[in-house]
Protein chains: 2
Amino acid sequence: MKISTVQFNPILFDKEFNINKMLNLIENVKSDIIVFPELSTTGYFFLHKEEMHRYSDSFDSETIKIFQRISTDRNQIIVFGFLEEAKEHFYNSAAILFPQAKYSQVYRKTHLFYKEKFVFTPGDTGFININYPDWDLNIGTLICYDWRFPEAARTLALEGADIVVVPSNLVTKIWHRSMPARALDNHIYLAVANRIGTESRRDEELYFNGMSVIYDFNGEVLDLATPTEETIVTAEFDPREARDKSINAMNDIFTDRVPKYYFLG
Amino acid sequence: MKISTVQFNPILFDKEFNINKMLNLIENVKSDIIVFPELSTTGYFFLHKEEMHRYSDSFDSETIKIFQRISTDRNQIIVFGFLEEAKEHFYNSAAILFPQAKYSQVYRKTHLFYKEKFVFTPGDTGFININYPDWDLNIGTLICYDWRFPEAARTLALEGADIVVVPSNLVTKIWHRSMPARALDNHIYLAVANRIGTESRRDEELYFNGMSVIYDFNGEVLDLATPTEETIVTAEFDPREARDKSINAMNDIFTDRVPKYYFLG
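Keep in mind the model is a prediction, meaning the values are calculated, not measured. (Residues numbered from 1 in each chain as written. Chains lettered and ligands numbered in written order. Predicted model: local features only at pLDDT ≥ 70, side-chain atom pairs only at ≥ 80, totals over all residues. Heavy atoms only, no water.)

**Q** Just checking my understanding: could you explain the overall build of chain A for this structure?
**A** From N to C terminus, chain A includes five helices and 14 strands. A compact globule built from 265 residues would reach a C-alpha radius of gyration of about 18 Å, and chain A, at 18 Å, matches this within 12%. Principal-axis analysis of the C-alpha atoms places the extent of chain A at approximately 55 × 40 × 35 Å. Evaluated residue by residue, chain A yields a buried proportion of 63% over its 265 residues. Intrachain contacts of chain A at a sequence separation of at least 6 include 68% that bridge at least 24 residues. Only carbon and sulfur atoms are counted for the fraction: they give 48% of the accessible area of chain A, which is about 9800 Å². A gap of 3 Å separates the mean positions of the 28 positive and 38 negative side-chain charges of chain A. (Helix = DSSP H or I, 4+ residues; strand = E, 2+ residues; numbered from the N terminus. Rg over C-alpha atoms; globule rule 2.2 N^0.38 Å. Buried < 20%, exposed > 50% of the residue type's maximum accessible area, 1.4 Å probe, protein only. Contact = heavy atoms within 4.5 Å. Areas by Shrake-Rupley, 256 points an atom, 1.4 Å probe, with all protein chains shown as cover. Lys, Arg positive; Asp, Glu negative; His and termini not counted. Charge placed at Lys NZ, Arg CZ, Asp CG, Glu CD.)

**Q** Help me understand the sheet that holds strand E6 (residues 129-132) of chain B in this model?
**A** Strands pair in a sheet through their backbones, by hydrogen bonds, and they do so in one of two ways: parallel or antiparallel. Residue and element names in this part refer to chain B. Strand order in the open sheet made by the six strands is E6-E7-E8-E9-E12-E13, with mixed pairing throughout. Across the chains shown, the open sheet's two edge strands, defined by having one partner strand only, are E6 and strand E13 (221-224). Ignoring which end each strand starts from, the neighbouring axes of this sheet average 15° apart. Sheet topology places strand E12 (residues 213-215) next to E13; three bridges connect them, and they run antiparallel. By the bridge assignment for E13, Val 213 is matched with Leu 224. (Pairing = 2+ DSSP bridges. Axes fitted to C-alpha atoms, helices over the stretch in contact; angles between N-to-C directions.)

**Q** Which parts of the structure should I look at to understand the relation of the copies chain B and chain A?
**A** Comparison of the two chain copies shows a relationship of rotation about an axis with a shift along it. Superposing chain B onto chain A takes a rotation of 180° combined with a translation of 0.0 Å along the rotation axis, leaving an RMSD of 0.0 Å. Within this description, the copies of the chain are treated as partners about a two-fold rotation axis. Of the residues that chain B buries at the interface, 100% are likewise interface residues in chain A, meaning the two copies contact each other through the same surface. (Least-squares fit on C-alpha atoms with pLDDT ≥ 70 in both.)

**Q** Can you help me understand the confidence of the model for chain A in this one?
**A** Looking at chain A, pLDDT values average 97 and 100% of them are 70 or higher. Interface confidence for the predicted complex, given as ipTM, is 0.97, next to a pTM of 0.97. (pLDDT = per-residue confidence, 0-100.)

**Q** It is not clear to me how the pairing of strand E10 (residues 196-201) of chain B should be interpreted in this structure. Could you clarify?
**A** Each regular strand carries side chains that alternate between the two faces of the sheet. Residue and element names in this part refer to chain B. Where E10 and strand E11 (residues 204-209) come together, six bridges link them in antiparallel fashion. Each bridged residue has a counterpart across the sheet, and for Arg 201 the counterpart in E11 is Glu 204. Between E10 and E11, which pair antiparallel in sequence order, lie two residues; one of them, Arg 202, sits at a positive phi of approximately 50°.

**Q** Is there a simple way to explain the pattern of salt bridges in this structure?
**A** When their charged atoms lie close together, side chains carrying opposite charge are able to pair. Residues and elements named next belong to chain A. On inspection of all chains with the given rule, the structure shows 36 salt bridges over all chains. The shortest N-O distance in the salt bridge between Glu 84 and Arg 108 comes to 2.8 Å. Residue Glu 84 is found in strand E3 (residues 77-86), and its partner Arg 108 is found in strand E5 (residues 105-108); the two are separated by 24 residues along the sequence. For the pair formed by Glu 84 and Arg 108, the shared burial category is buried. (Salt bridge = Lys/Arg side-chain N within 4 Å of Asp/Glu carboxyl O.)

**Q** Explain the sheet that holds E5(A) to me, please; I cannot follow it from the model alone.
**A** Residues and elements named next belong to chain A. The sheet built from six strands is open, its strands ordered E5-E4-E3-E2-E1-E14 with mixed pairing. Looking along the sheet, the strands with just one partner apiece sit at the ends: E5 and strand E14 (231-236). Between one strand axis and the next, the sheet turns by 30° as a mean value, whatever way the strands run. Here six bridges tie strand E1 (residues 2-7) to E14, and the two strands are oriented antiparallel to one another. In the sheet register, Gln 7 faces E14, and the bridge partner there is Thr 231. The sheet strands contacting helix H2 (residues 62-74) are E3 and strand E4 (89-97), and the helix crosses E3 at an angle near 165°.

**Q** How should I be thinking about the interface of chain B and chain A in this particular structure?
**A** How big an interface is tends to be stated in terms of accessible area lost as the parts join. With 48 residues of chain B at the interface, the matching set in chain A holds 49 residues. Buried area between chain B and chain A, both sides added, is near 4400 Å², and the carbon and sulfur share of it is 59%. Three residues, Arg177(B), Met250(B) and Tyr261(B), lead the burial of chain B against chain A; their summed loss comes to 16% of the area buried on that side. Put simply, chain B and chain A have ten salt bridges between them. Here Glu220(B) ties to Arg177(A) by a salt bridge, and the two come within 3.3 Å at their closest N and O atoms. Linking chain B to chain A there are 30 residue pairs in polar contact (both at pLDDT 80 or more). Per-element tally for the side of chain B that touches chain A: the top contributor is helix H5 (residues 175-186) of chain B, with seven residues. Considered class by class, the residues forming the side of chain B that touches chain A number 23 nonpolar, twelve polar and 13 charged. (Buried area = accessible area lost by both parts, 1.4 Å probe. Polar contact = N/O pair within 3.5 Å; in protein donor to acceptor, adjacent residues only side chain to side chain. Nonpolar A, V, L, I, M, F, W, Y, C, P; charged D, E, K, R; others polar.)

**Q** Would you take a moment to explain the packing of helix H4 (residues 150-158) of chain B against H5(B) for this structure?
**A** How two helices sit against one another is set out by the angle between their axes and by the gap between those axes. All names here are of chain B. In contact at an axis separation of 10 Å, H4 and H5 are set at 35° when each is read in the N-to-C sense. Handedness of the H4/H5 crossing: right-handed. The segment H4 lies against H5, with Pro 150, Ala 153, Arg 154 and Ala 157 engaging Arg 182, Asp 185 and Asn 186. Class assignment for the residues of the contact of H4 with H5 results in three nonpolar, one polar and three charged. (Left-handed = near helix turned anticlockwise from the far one by under 90°.)

**Q** Would you mind going over the environment of Pro259(A) with me for this structure?
**A** Mapped onto the fold, Pro259(A) is located in the segment after E14. On the basis of relative accessible area, Pro259(A) is assigned to the partly exposed category, the value being 32%. Pro259(A) sits 136 residues away from Gly123(A) along the chain, and the two C-alpha atoms are 26 Å apart. The contact partners of Pro259(A), leaving out residues within four places of it in the chain, are Leu264(B) and Gly265(B).

**Q** In this structure, what is going on with helix H1 (residues 15-27) of chain A? I would like to understand it.
**A** Along an α-helix, residues three or four apart share an orientation, since each turn contains 3.6 residues. Residues and elements named next belong to chain A. With 13 residues, H1 extends 19 Å from end C-alpha to end C-alpha; this agrees with the ideal 18 Å at 1.5 Å per step. Listing the buried residues of H1 in full gives Lys 15, Asn 18, Ile 19, Met 22, Leu 25 and Ile 26. Around the axis of H1, the buried residues are gathered within 125° of arc, so they sit on the same side. Exposed residues lying more than 90 degrees from the buried face of H1 are Glu 16, Asn 24 and Glu 27. Contact partners of the buried residues in H1: E1, strand E2 (33-35), H2, E3 and E14. (Expected span 1.5 Å × (residues − 1). Arc of directions from axis to C-beta.)

Structural data, given as structure tokens:
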């Protein structure tokens, strides 16, 4: 099975450009799974709720339907970040779209970063691992700052994820130190789709640092992008190889866990 | 405040040599905290319970008392791994000894590695963070394979640990990928005292890979040993600097946690 993460530069407030860009990029990707960055369709740096409605989508909007049709037609799983509006709340969400649409779901970002707290509502979906039986695949999704909390990837792995995909708009670089540990600690594949470029609002400029990456279950880099180029990162993987959590004849990193002594309240 | 981890080669079944070695090493270390490897007093590779009693110590044994007296006399915290016997069980334990003996405690290794499962009982103490008020210090202890479980360091950090010390006899090298993440993820200092040398039993040789290390709260290396030399690794640190978990004006990696969505059973 092949997965690609697409690194590009979404333009703030230019949804038409971004969606067309994404559709063009998909044309060139033959992988089974395609992952785009966080808030791919809209850009990132929203500061006022008043400016958000015209760029938002509900999960049954025409935007989502376009990508759902492509997922089905091309037989590819497509994951991308979008600005979701639901019941007068804005969520920093990811659409996880399967060729069989009945498996498609939305994940709403649990841990909000920085000024996202001004405009977004914290996610209420919890962490979602989806079993896609047609491909014998278990795929979990996190969004950007969710990486900072080892409990997030752990939860998905314990729910059975073989691979975790991470649509991101990362502005700090410290994530490179922990992201491979998320893969190793859980013996799962992990794919980060980070964006590139900058966004300025008022006096503040955000620099998104690219380096989209796919790790194997030991946290080894399978493919890695530069910090600044539009590019596609691709790796082959076998989801079944993530399932055996044993590391020698006596130890299994999941059955060795001792939750009664874990304080995580 | 200064911490040192002591990297040396304990000799299996030669408790007198090991203890004298440790006492000599302490003479040369002026740091406030001294950490020795796992099972420092006895060596590591026990295979039969029958061979263990003559090398074991209870936590009120003369061996522990010797180190407790030194801790008090020299005003140093001393942590070392030992073979504990209690109520007909053997534990892979660490003595955590404070100048004020009433704070001293034993930690019994929670996660047993490989053939330890033949001879040791899994620890029943849980993870222990000790507040030492005289020095305004919170110190947690893990032993070796406990590193493999992000919940272990997380538990200690949530209990308030400023620094986690890790007496170890590491035989795999993959720990270098996750150990710095334990420090970064929890914004705590972390000090690994790993041993060097080899031990052979029957047809099996274990190679202990040294590289004892002290990380700051970003997972940056403060001091690092070679894989093979007897040596002392030392760093200065300020325990108070581990306590502010904020990373910008809007985010705090502890208060941002959302336990209701963490599945860790």
